[in-house]
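Below are the chains, spelled out letter by letter.
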Amino acid sequence: LPIDIARVAPEVVRDKGAFTRWILTTDLPTPRTTVAKTADEAAAWWAASGLPRVILKPLEGQGGVGIFVPGNEGALRSEWKQTTGAMLVQEFVTG
């Protein structure tokens, strides 16, 4: 990375929302992202973004636990019922 990640506060690195807000202050390419508190917010952002796919991630955690890639709004709403709080909603980037 062209940044010194060791200089980033640990609480920023652990919180995906805080990390995303921080990384947007750099010149690094970053997927379009929002934090949604409800399925309605997530679905509205997805629709307004025009993105074909999104990925939803819990704000805290690691190892892919709690992440899902809904195929449509109905799947998003169904999967959201399994969440325990706000989620990061991001542009799905392959690779």
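Residues numbered from 1 in each chain as written. Predicted model: local features only at pLDDT ≥ 70, side-chain atom pairs only at ≥ 80, totals over all residues. Heavy atoms only, no water.

### Focus: the side chain of Ser49
With respect to the secondary-structure elements, Ser49 resides in helix H3 (residues 39-49). Taking the relative accessible area as the measure of exposure, Ser49 reaches 17% and is therefore buried. Of note is the side chain of Ser49, whose polar atom sits 2.8 Å from the backbone oxygen of Trp46. (Helix = DSSP H or I, 4+ residues; strand = E, 2+ residues; numbered from the N terminus. Buried < 20%, exposed > 50% of the residue type's maximum accessible area, 1.4 Å probe, protein only. Polar contact = N/O pair within 3.5 Å; in protein donor to acceptor, adjacent residues only side chain to side chain.)

### A short note on the nonpolar core
Counting residues in hydrophobic clusters, the biggest one holds 13 residues, and the most contacted among them are Ala42, Val54, Leu56, Leu76, Trp80 and Val89. Contributing elements (two or more residues each) for this core: H3, strand S2 (54-58), helix H4 (73-80) and strand S3 (87-91). (Core = buried A, V, L, I, M, F, W, Y, C linked by side-chain atoms within 4.5 Å.)

### Focus on the sheet that holds strand S1 (residues 33-36)
Sheet strands pair via backbone hydrogen bonds, and the direction of the pair is either parallel or antiparallel. Ordered by their spatial adjacency, three strands build an open sheet running S1-S3-S2, and the pairing between neighbours is antiparallel. Single-partner strands in this sheet number two, and they are S1 and S2. Shown here is a sheet whose adjacent strand axes are inclined to one another by a mean of 25°, direction ignored. Sheet topology note: the S1/S3 ladder contains four bridges and is antiparallel. Note that in S3 the partner of Ala36 across the bridge is Met87. Where helix H2 (residues 16-23) meets the sheet, its contacts fall on S1, S2 and S3, and the angle it forms with S3 comes to roughly 45°. The strands touched by H3 are S1, S2 and S3; relative to S1, the strand with the most contacts, the crossing angle is about 160°. (Pairing = 2+ DSSP bridges. Axes fitted to C-alpha atoms, helices over the stretch in contact; angles between N-to-C directions. Contact = heavy atoms within 4.5 Å.)

### Side note on the pattern of salt bridges
Any two side chains of opposite charge can pair, so long as their charged atoms come close to each other. Overall, the coordinates contain three salt bridges when judged by the stated rule. Of the charged contacts in the structure, one is a salt bridge between Arg77 and Glu73, with a shortest N-O distance of 2.8 Å. Separated by four residues within a single helix, Arg77 and Glu73 lie in helix H4, roughly one turn from each other. By relative accessible area, which is 41% here, Glu73 ends up partly exposed. Salt bridges sharing partners connect three or more residues here, namely Asp40, Glu73 and Arg77. (Salt bridge = Lys/Arg side-chain N within 4 Å of Asp/Glu carboxyl O.)

### Focus on the packing of aromatic side chains
Per the counting criterion, the structure on display carries zero aromatic pairs. One cation-aromatic arrangement involves Arg53 over Phe92; the distance from NZ or CZ to the ring centre is 4.2 Å. (Phe/Tyr/Trp six-rings, centres within 6.5 Å; stacked < 30°, edge-to-face > 60°. Lys NZ or Arg CZ within 6 Å of the ring centre and 35° of its normal.)

### Focus on the environment of Ala47
The residue Ala47 is located in helix H3 in this model. With 26 residues separating them in the primary sequence, Ala47 and Glu73 have C-alpha atoms 8.7 Å apart.

### Some details on the pairing of S3
Within S3, four of the five residues are buried, leaving the element largely enclosed by the surrounding structure. Bridging between S2 and S3 involves five bridges; their strand directions are antiparallel. The residue bridging Leu56 from the neighbouring strand is Val89, located in S3.

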